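# Analysis of the macromolecular model
One-letter residues, chain by chain:
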Amino acid sequence: MSVAAQYIPAAYSLTAFGVWGASDFLGGVGARRANAFLFTAIVHLSSLVAVGTLALMTGALFPGNASLAWSLLAGSLGGLALALFYRALARGNMGLVAPVAAVLGAAIPTIVTAFAEGVPGYRHLFGFILAGIGVWLISRTEAGVGRPEGLGMAVLAGIGFAGFYLCIHQAGGASALWIATCSRTGSLLVTGFIVLFGRHLRAVPAPVLGIAVVAGILDITGTAVFIRASQIGRLDDAVVISSLYPAVTVLLARIFLHEHFSRSRTIGMVAALAAVPMIAG
């Protein structure tokens, strides 16, 4: 494998890291102005239309039955996790909630992959450890502050994200666009069911609707490139690099929402980003 080809999976994962971080920031903002489940359903609908149209335009082959089933299961877990995550972002501090979900979302698939595909090299392991320390520093509570709002939902969301990563990996090497489309169909079915039967359906202000559409397009972009990264590289590499997205979410929350940004979180962000080339190499 050439040097350029070696870094292609990392490039895909870094793209997911950037767009997922921006999408989660928008999701947290939007969920503060509308019901979290309704907002998430709109996000899923807009992203399904976008990726489904692109899949049809490219003429890619539709996945087989096994890949379809895994994609739908992944989407169902990921859809529910994203709704809980947006609700946690809306209720709590984004700089805390996002890293907590990311740590769990990355740790579980990394451990599973280590058993399934073999323990990675020492440089990779050191990168994983450095990334974990970085995300932990980002997510530390400040002295004198009690249990933060939204932490429990962030934990559940992280477990759901881990389930999404593992199931999407089982979908195999089919078209990333179609896998993303099928998984997003499962997400929309789950969140749509909750919205309809939970009586969350109501009018959404136009600005919030616009935020949901943009968040959906960014989110599905991250999903598609993550799928491709996991197909051509190791799942643990793709998960850990992509899960550094809290650095983007925290930074945007600091700039636009003026959230507290302590020295430890700054160090944590630097450590997390420094881990990227170690994991990718």
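Residues numbered from 1 in each chain as written. Predicted model: local features only at pLDDT ≥ 70, side-chain atom pairs only at ≥ 80, totals over all residues. Heavy atoms only, no water.

## Brief notes about the environment of Gly-216
Positionally, Gly-216 belongs in helix H9 (residues 206–232). A relative accessible area of 0% places Gly-216 in the buried class. On a C-alpha basis, the gap between Gly-216 and Glu-259 in space is 24 Å, while along the polypeptide they are 43 residues apart. Once residues within four sequence positions are removed from consideration, Gly-216 is found in contact with Val-43, Ser-46 and Ser-47. (Helix = DSSP H or I, 4+ residues; strand = E, 2+ residues; numbered from the N terminus. Buried < 20%, exposed > 50% of the residue type's maximum accessible area, 1.4 Å probe, protein only. Contact = heavy atoms within 4.5 Å.)

## Some words on the packing of aromatic side chains
Scanning all chains against the criterion turns up 10 aromatic pairs. Where Phe-25 meets Phe-256, the ring centres are 5.9 Å apart and the plane angle is 40 degrees; that geometry is what we call tilted. In this pair, Phe-25 is assigned in helix H2 (residues 8–31) and Phe-256 in helix H11 (residues 246–257), connecting sequence segments 231 residues apart. Taking the relative accessible area as the measure of exposure, Phe-25 reaches 8% and is therefore buried. Ring-pair connections join several aromatic residues into one group, and the members of that group are Trp-20, Phe-164, Tyr-165, Phe-226 and Tyr-245. (Phe/Tyr/Trp six-rings, centres within 6.5 Å; stacked < 30°, edge-to-face > 60°.)

## A few points about helix H7 (residues 151–170)
Taking 1.5 Å per residue as the helical rise, H7 with its 20 residues ought to reach 28 Å, and the 29 Å between its terminal C-alpha atoms agrees with that figure. Looking at H7, one finds that the buried residues are Met-153, Ala-154, Ala-157, Gly-158, Gly-160, Phe-161, Ala-162, Gly-163, Phe-164, Tyr-165, Cys-167 and Ile-168. Tucked inside the fold, the buried residues of H7 contact H2, helix H4 (65–91), helix H5 (94–117), helix H8 (176–197), H9 and helix H10 (235–242). One or two residues past the end of H7 sits Gly-172, with phi positive at roughly 85 degrees. (Expected span 1.5 Å × (residues − 1).)

## Here we look at the nonpolar core
The tendency in soluble globular proteins is for nonpolar side chains to be buried as a group. One finds Phe-85, Tyr-86, Phe-161, Phe-226 and Tyr-245 to be the most contacted residues of the largest nonpolar core, which totals 81 residues. The biggest single contributor to this core is H9, with 10 residues. The contact partners of Tyr-86, leaving out residues within four places of it in the chain, are Ser-23, Asp-24, Gly-27, Gly-28, Ala-31, Phe-39, Thr-40, Val-43 and Ala-215. (Core = buried A, V, L, I, M, F, W, Y, C linked by side-chain atoms within 4.5 Å.)

## With respect to the packing of H7 against H9
The angle between the axes and the distance between the axes are what describe a pair of packed helices. The contact between H7 and H9 brings their axes to 10 Å, and the two run at 60 degrees. Relative to H9, H7 is oriented oblique. Classified by chirality, the crossing of H9 by H7 is right-handed. Facing Phe-164, Tyr-165, Ile-168 and His-169 of H7, the residues of H9 in contact are Thr-223, Phe-226, Ile-227 and Ser-230. Grouping the constituent residues of the contact of H7 with H9 by class yields 5 nonpolar, 3 polar and no charged. (Axes fitted to C-alpha atoms, helices over the stretch in contact; angles between N-to-C directions. Parallel < 35°, antiparallel > 145°, perpendicular 65-115°, else oblique. Left-handed = near helix turned anticlockwise from the far one by under 90°. Nonpolar A, V, L, I, M, F, W, Y, C, P; charged D, E, K, R; others polar.)

## Some thoughts on the state of the cysteines
Using the criterion set out here, one finds 0 disulfides in the structure. A disulfide-free cysteine, Cys-167 has its sulfur positioned 14 Å from the sulfur of Cys-182, the nearest such atom. The exposure class of Cys-167 is buried, given its relative accessible area of 9%. (Disulfide = S-S within 2.5 Å.)

## Focus on the side chain of Ser-242
Position of Ser-242 among the secondary structure elements: in helix H10. What makes Ser-242 buried here is its relative accessible area of 0%. Contact partners of Ser-242, with chain neighbours within four places excluded, come to Ser-13, Ala-16, Phe-17, Trp-20 and Phe-226.

## Some thoughts on the confidence of the model for the chain
Across the chain, the average pLDDT comes to 86, with 93% of residues at or above 70. When pLDDT is averaged over each element of the chain, helix H3 (residues 36–58) comes out on top at 96 and helix H1 (residues 3–6) at the bottom at 62. (pLDDT = per-residue confidence, 0-100.)

## Structural notes on the packing of H3 against H4
Relative to each other, H3 and H4 sit at 130 degrees, their axes nearing to 9 Å. When the axis of H3 is compared with that of H4, the two are oblique. Our pair here, H3 against H4, has a crossing hand that is right-handed. Here Ala-36, Phe-37, Phe-39, Thr-40, Val-43 and His-44 of H3 come into contact with H4, specifically with Gly-79, Leu-80, Leu-82, Ala-83, Tyr-86 and Arg-87. Classifying every residue of the contact of H3 with H4 gives 8 nonpolar, 3 polar and 1 charged.

## A short note on H11
For H11, the full list of buried residues reads Pro-246, Ala-247, Val-248, Thr-249, Val-250, Leu-252 and Ala-253. Phi for His-258, located one or two positions after H11, is positive at around 55 degrees.

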